[in-house]
Amino acid sequence: MNIPSNLKYTKDHEWVSVDGDIATVGITDFAQKELGDIVYVEVETLDQTLDKDEVFGTVEAVKTVSDLFLPVSGEIIEFNDELERKPESVNTDPYGDGWMIKVKMSDASELSDLLDSDAYKNLIGA
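Summarised in this report is the structure supplied together with it. (Residues numbered from 1 in each chain as written. Predicted model: local features only at pLDDT ≥ 70, side-chain atom pairs only at ≥ 80, totals over all residues. Heavy atoms only, no water.)

## Describing the nonpolar core
General note: in soluble globular proteins, nonpolar side chains tend to be found buried as a group. Rules: Residues enter a nonpolar core if they are buried and are Ala, Val, Leu, Ile, Met, Phe, Trp, Tyr or Cys, with the set joined through side-chain atoms within 4.5 Å. For each residue, the accessible area found with a 1.4 Å probe, counting protein chains only, is set against the maximum for its type, and the residue is called buried under 20%, exposed over 50%, and partly exposed in between. Labels follow the DSSP assignment, with helices taken as runs of H or I lasting at least four residues and strands as runs of E lasting at least two, numbered in each case from the N terminus. Whether two residues touch is decided by their heavy atoms; if any such pair falls within 4.5 Å, the residues are in contact.
Ile27, Val41, Phe56, Met100 and Ile101 are the most contacted members of the largest nonpolar core, which has 20 residues in total. Within the residue set of this core, elements represented by two or more residues are β3 (22-27), α1 (29-35), β4 (38-42), β6 (55-61), β8 (74-79) and β9 (101-105). If you tally residues by element for this core, the top one is β6, at three residues. With near-sequence residues (within four places) excluded, Val41 lies in contact with Thr58, Val59, Phe79, Leu83, Val90 and Met100. Residues Ile3, Trp15, Phe30 and Trp99 belong to the second largest nonpolar core, which totals 10 residues.

## Details of the pattern of salt bridges
Oppositely charged side chains can pair when the atoms bearing their charge come close. Short version of the rule: When a carboxyl oxygen of Asp or Glu is within 4 Å of a side-chain nitrogen of Lys or Arg, the pair counts as a salt bridge.
Within this structure, the stated rule accounts for four salt bridges. A salt bridge links Lys33 to Asp29, with the nearest nitrogen and oxygen atoms 3.1 Å apart. Residue Lys33 and its partner Asp29 are located together in helix α1, separated by four residues, close to a single helical turn. On the basis of relative accessibility, which here comes to 47%, the residue Lys33 falls in the partly exposed class. You can call Asp29 buried: its relative accessible area is 7%. Across the pair Lys52 and Asp113 runs a salt bridge, and its minimum N-O distance is 2.9 Å. Placement of the pair is Lys52 in the loop between β5 (49-50) and β6 and Asp113 in the loop between β9 and α4 (117-124), with a sequence separation of 61 residues.

Set out below in structure tokens:
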């Protein structure tokens, strides 16, 4: 299972990559394997400012729909439009082409609440 050490993770299986005050968010390799074949990613919160742990969208797999939770507070400034045509990118490249949103963080101190790769491995029993 792929759990890059340079990322932060949530207990809800989102990953976060930080560049300045911009956080890129997607779901983990573990999450996409649990969900199965992803057929649709919906994010209707573009240009909205949300609090940490609010639902920013949903991911739909063949058998289930799961909410996506925002790992840090901020304004959703970008959605990965490629996912509208190729939602399977979340399965094939969850940490690359399968990223979901970019967030302009309003409180970078919230990053300290996230898990590092070792803590995430412990959470999922890897």
